[in-house]
Amino acid sequence: METEENAGIPPVKLNANSRFHFRCHPEISCFTKCCRGINIMLTPYDIVRLKNRLELSSDDFLAIYTTPQLLEKTDLPVVTLRMLDDQPGEPVCPFVREDQGCIVYEDRPTTCRYYPLGVASLSHKDEADEGFYFFINEPHCRGFEEDVEWTVDQWRSDQGVDVYDRINAPWTELIVRKRSIPANIRLTQKTKNMFFTASYDIDRFRRFVFESSFLSVYEVDPATVEKIRSDELELLNFSFRWLKWVLFQEGEEFAINQQAAEARGKRS
């Protein structure tokens, strides 16, 4: 058996068919240790699931449970889960309990679902993305000593992370694409604010679309308007398409109504 100082997991790139042994359960000696001393970046769908689970608006969830940061090499604002100072030098997830484990388990973030795997995407390419997976090698983890075997794809499906990845895919592509742009090309603060709102603050983005001149300035077809009015996931996907237009000026559905835009310009 490996020691606590060395879990013996080699630093290799994994693909969808790579096999590994892993199982986490309340009886294992390291249960909930992986919920301490961590940095969890949240995705847009993470926010939607968690704020609905806690019956909070996205504004309130962001204020209570997250910390804003700028993502390295992209100049884009992202949020991480705000840890609690449970013990000196050992911040802990606000949703973990010693005796219960994760109290939001059914709606846990993407990063938690992937564990003990990490996922990486390479720089933006016109062809299909060439991502890969790797083990998060934490010496305290005993889950690798269990006898349950998985492929990476089987693990992703079992943990529901494939659904999260599918919903977040257009947003993830924006980040990967932005990372490939030279670092000296900086975003305006207005663009950063819009990226933050459209990515994370879905309730504020809804107000932006329906309570401002947005639908007068942009010629969004009526069928799309009805979908995003009644379906939060449709609205989230719409926000990703809007961000693609904001960052890269791509997206035919955001054709500008010149007359409405000129009228708004005269009023401002």
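Quick summary incoming for the structure in this document. (Residues numbered from 1 in each chain as written. Predicted model: local features only at pLDDT ≥ 70, side-chain atom pairs only at ≥ 80, totals over all residues. Heavy atoms only, no water.)

### Here's the deal with the sheet that holds strand 3 (residues 66-71)
- Taken in spatial order, the three strands of this open sheet run 2-4-3, and their pairing is antiparallel. With one partner strand each, in any of the chains shown, strand 2 (41-42) and strand 3 form the two edges of the open sheet.
- Packed onto the sheet, helix 6 (residues 189-200) meets strand 2, strand 3 and strand 4 (76-81) and runs at close to 45° relative to strand 4. (Pairing = 2+ DSSP bridges. Helix = DSSP H or I, 4+ residues; strand = E, 2+ residues; numbered from the N terminus. Contact = heavy atoms within 4.5 Å. Axes fitted to C-alpha atoms, helices over the stretch in contact; angles between N-to-C directions.)

### Considering unusual backbone geometry
- Put simply, Tyr-115 and Pro-116 share a cis peptide bond, and its omega is 15°.
- Its location among the elements puts Pro-116 in the loop between helix 3 (110-114) and strand 9 (117-120).
- At Asp-75, a residue that is not glycine, the phi angle is positive and equals roughly 65°.
- Among the secondary structure elements, Asp-75 is positioned in the loop between strand 3 and strand 4.
- Positive phi, close to 55°, is recorded for Gln-249, a residue that is not glycine.
- Looking at the element boundaries, Gln-249 is found in the loop between helix 10 (232-248) and helix 11 (258-267).

### Here we look at helix 9 (residues 222-230)
- Of all the residues in helix 9, the buried ones are Thr-224, Val-225 and Ile-228. The buried residues of helix 9 all sit within an arc of 100° when viewed along its axis, so they share a single face. In this structure, helix 9 carries Pro-222 and Ser-230 as exposed residues pointing more than 90 degrees from its buried face.
- Close packing links the buried residues of helix 9 with helix 7 (202-210), helix 8 (214-217) and helix 10.
- Put simply, Asp-221 is the residue that caps the front of helix 9, since its side-chain oxygen is 3.1 Å from the backbone nitrogen of Ala-223. (Buried < 20%, exposed > 50% of the residue type's maximum accessible area, 1.4 Å probe, protein only. Arc of directions from axis to C-beta. Polar contact = N/O pair within 3.5 Å; in protein donor to acceptor, adjacent residues only side chain to side chain.)

### Considerations on the environment of Ile-136
- Within the secondary structure, Ile-136 sits in the loop between strand 10 (132-135) and strand 11 (149-151).
- Separated by 17 residues in sequence, Ile-136 and Val-119 place their C-alpha atoms 9.7 Å apart.
- Aside from chain neighbours lying at most four places away, what touches Ile-136 is Tyr-115, Pro-116, Leu-117, Gly-118 and Phe-144.

### Here we look at the state of the cysteines
- In this structure the tally under the stated criterion is zero disulfides.
- Here Cys-141 is not disulfide-linked; the sulfur of Cys-30 is the nearest cysteine sulfur, at 4.8 Å.
- Taking relative accessible area as the criterion, Cys-141 reaches 6% and is therefore assigned buried. (Disulfide = S-S within 2.5 Å.)

### Examining empty space enclosed by the protein
- The final tally for this structure, using the stated rule, is one cavity of 30 Å³ or more.
- Of the voids in this model, the largest cavity is the one considered here, and its volume is about 60 Å³.
- Taken together, Phe-22, Cys-24, Ile-28, Cys-30, Phe-31, Thr-32, Cys-34, Tyr-115, His-140, Cys-141 and Gly-143 form the lining of the largest cavity.
- Looking at the lining of the largest cavity, its residues break down into eight nonpolar, three polar and no charged. (1 Å grid on protein atoms, 1.4 Å probe; cavity = no way out; pocket = protein on both sides within 12 Å on 5 of 7 lines; lining within 4 Å. Points joined across faces, edges and corners; volume = space filled by probe spheres on them. Nonpolar A, V, L, I, M, F, W, Y, C, P; charged D, E, K, R; others polar.)

### Re the nonpolar core
- Among the nonpolar cores identified, the biggest contains 49 residues, and Leu-42, Phe-214, Phe-238 and Trp-242 are the most heavily contacted of them.
- For this core, the element with the highest residue contribution is helix 10, accounting for nine residues.
- Discounting residues that sit within four places of it in the chain, Leu-42 has contacts with Ile-47, Leu-50, Phe-61, Thr-66, Val-79, Thr-80, Leu-81, Pro-109, Trp-171 and Tyr-200.
- The next biggest cluster of nonpolar side chains, apart from the first, holds 14 residues, and it includes Tyr-114, Phe-135, Trp-150 and Val-152. (Core = buried A, V, L, I, M, F, W, Y, C linked by side-chain atoms within 4.5 Å.)

### What about the packing of helix 1 (residues 44-53) against helix 5 (residues 161-179)?
- At a minimum axis separation of 8 Å, helix 1 and helix 5 run at an interaxial angle of 130°. Overall, the two elements helix 1 and helix 5 adopt an arrangement that is oblique. Facing Pro-44, Tyr-45, Asp-46 and Arg-49 of helix 1, the residues of helix 5 in contact are Tyr-164, Ile-167, Asn-168 and Trp-171.
- Among the residues forming the contact of helix 1 with helix 5, the class breakdown is five nonpolar, one polar and two charged. (Parallel < 35°, antiparallel > 145°, perpendicular 65-115°, else oblique.)

The quantities given are spatial measurements derived from coordinates; they are silent on function.
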